[in-house]
Amino acid sequence: MKIVVYGICKNEEKFARRWMQSMSEADEVIVLDTGSDDQTVSFLREAGAKVVTEEISPWRFDTARNRSLDLVPEDADICVCTDLDEVFQPGWRKLLEDAWEEGCSQASYRYTWNFTAQGQEGIVFWIEKIHARHGFRWVHPVHEVLQWGGEGMPGKTITVNGLQLNHHPDPHKSRGQYLPLLELSVKEAPHDDRNMHYLGREYLYKGRWDDCIRTLKHHLLMPEATWKDERAASMRYIARACKQKKERETAKNWYLQAIAEAPHLREAYMELAWTVYEEEEWEGVLYFTGCALKIAQRPKTYISESFAWGSLIHDLRSIAFDRLGLYEKGLAEAKKALELEPENERLQKNIEIMKKKKNP
């Protein structure tokens, strides 16, 4: 079985050697460099990658990825698309070979998109960027996805348990190109609900509150927007924008709508818990965090955000119990929070304070 890794890059010398070491289990590594002026290309070639340099103008991620895919030999059995700031855990090839079956065309595997400052996993979901050599093309100028364009129907997608890809991005890398590319993407495919959602989220990141609200309300009205997880996320982002506009009651209503849309997700409960925490509504904090705690299994989608699965839930509950004079319960929750974030000095101090209140 011939496995080929392919990717695109520009000025990623800090990641090149680490990436090549991680990808060394493949038979070949193919890279399209789109204009590096540092040591990226030389580092990659020294480590054994086949590198082609080519300018992509106007810049689009799907064009670049398709060009890199074109460089993959026709006799490859499996293509593995990764970026240079990503790293597989060792042994990934055997896991993939053992799982790959005749008639399948894609593989789904676990992806950690970011890590907390304490080194814990942040956003985790499952992706499908491993695929058969023929029949697939990348689409959309940004947030590009694989689309089947071959004859007939694609083969089945397998799940590769144990295959783990970790993302360690450069925190200083600009997202400046994302917004215009997302606006272009929506213009090209106005009925694509996924891109409409991403555009509204990008307006949120840019602090364009009214554009965020307008775009995400449009997303919610689209007939194609049927995935409840993403719909609930749009509602939460609208709520965040409303909070920034000092429209707190409207924000709380949107959080409640998000809960009704996807009651199986923690995020809306947690954001509403934080909102009432800011208003010192301690019983509300306990109610909404309690609802969140009933959701014990973290979903596999990108919608799952780290704040809902870390120490925050117990941190908020500990403070709420403390303010209500229930010091023993507050101390128990504070200890749970510290177990999840043992280096947090504020949590450590909170425990000491609560111990004194419990035993004056």
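Residues numbered from 1 in each chain as written. Predicted model: local features only at pLDDT ≥ 70, side-chain atom pairs only at ≥ 80, totals over all residues. Heavy atoms only, no water.

1. Focus: the nonpolar core
Link 1 in the chain: Counting 95 residues, the largest nonpolar core has Trp-19, Leu-44, Val-80, Phe-88, Trp-92, Leu-96 and Ile-130 as the members making the most contacts within it.
Link 2 in the chain: With eight residues, helix H8 (residues 228-244) is the largest single contributor of residues to this core.
Link 3 in the chain: When sequence neighbours within four positions are dropped, the list of residues in contact with Trp-19 reads Val-5, Val-29, Val-31, Leu-44, Thr-82, Asp-83, Leu-84 and Glu-86. (Core = buried A, V, L, I, M, F, W, Y, C linked by side-chain atoms within 4.5 Å. Buried < 20%, exposed > 50% of the residue type's maximum accessible area, 1.4 Å probe, protein only. Helix = DSSP H or I, 4+ residues; strand = E, 2+ residues; numbered from the N terminus. Contact = heavy atoms within 4.5 Å.)

2. Digging into the packing of helix H10 (residues 267-278) against helix H12 (residues 312-323)
Link 1 in the chain: The interhelical angle for the contact between H10 and H12, taken along N-to-C directions, is 30°, at an axis separation of 11 Å. Relative to H12, the element H10 lies roughly parallel. Between H10 and H12 lies a crossing of left-handed hand. Contacts between H10 and H12 involve Met-270, Ala-273, Trp-274 and Tyr-277 from the first element and Leu-312, Ile-313, Leu-316 and Ile-319 from the second. (Axes fitted to C-alpha atoms, helices over the stretch in contact; angles between N-to-C directions. Parallel < 35°, antiparallel > 145°, perpendicular 65-115°, else oblique. Left-handed = near helix turned anticlockwise from the far one by under 90°.)

3. Section: helix H9 (residues 248-261)
Link 1 in the chain: A rise of 1.5 Å per residue sets the reference length of H9, with its 14 residues, at 20 Å; its end C-alpha atoms lie 20 Å apart and thus fit the reference within 8%.
Link 2 in the chain: Regarding H9, the residues found buried are Ala-251, Lys-252, Trp-254, Tyr-255, Ala-258, Ile-259 and Glu-261.
Link 3 in the chain: For H9, the elements touching its buried residues are helix H7 (209-221), H8, H10 and helix H11 (282-293). (Expected span 1.5 Å × (residues − 1).)

4. What to know about empty space enclosed by the protein
Link 1 in the chain: The tally for this structure, following the rule as stated, stands at one cavity of 30 Å³ or more.
Link 2 in the chain: Estimates place the volume of the largest cavity at around 40 Å³.
Link 3 in the chain: Every residue along the wall of the largest cavity is listed here: Asp-229, Ala-232, Ala-233, Arg-236, Ala-258, Ala-262, Leu-265, Glu-267, Ala-268 and Ile-303.
Link 4 in the chain: Those elements that provide at least two residues to the lining of the largest cavity are H8 and H10.
Link 5 in the chain: For the lining of the largest cavity, the leading source of residues is H8, giving four residues.
Link 6 in the chain: For the lining of the largest cavity, the residue count by class is seven nonpolar, no polar and three charged. (1 Å grid on protein atoms, 1.4 Å probe; cavity = no way out; pocket = protein on both sides within 12 Å on 5 of 7 lines; lining within 4 Å. Points joined across faces, edges and corners; volume = space filled by probe spheres on them. Nonpolar A, V, L, I, M, F, W, Y, C, P; charged D, E, K, R; others polar.)

5. Points about unusual backbone geometry
Link 1 in the chain: Between Ser-57 and Pro-58 the backbone carries a cis peptide bond, its omega angle lying at -5°.
Link 2 in the chain: Summarising the element assignment, Pro-58 is placed in the loop between strand S3 (50-53) and helix H3 (61-70).
Link 3 in the chain: Backbone geometry at Asn-11 places phi at a positive 55°, although glycine is not the residue there.
Link 4 in the chain: Its location among the elements puts Asn-11 in the loop between strand S1 (3-9) and helix H1 (13-23).
Link 5 in the chain: The backbone of His-143 shows a phi angle near 50°, a positive value even though the residue is not glycine.
Link 6 in the chain: Tracing the backbone through its elements, the reader meets His-143 in the loop between strand S8 (136-139) and strand S9 (145-148).

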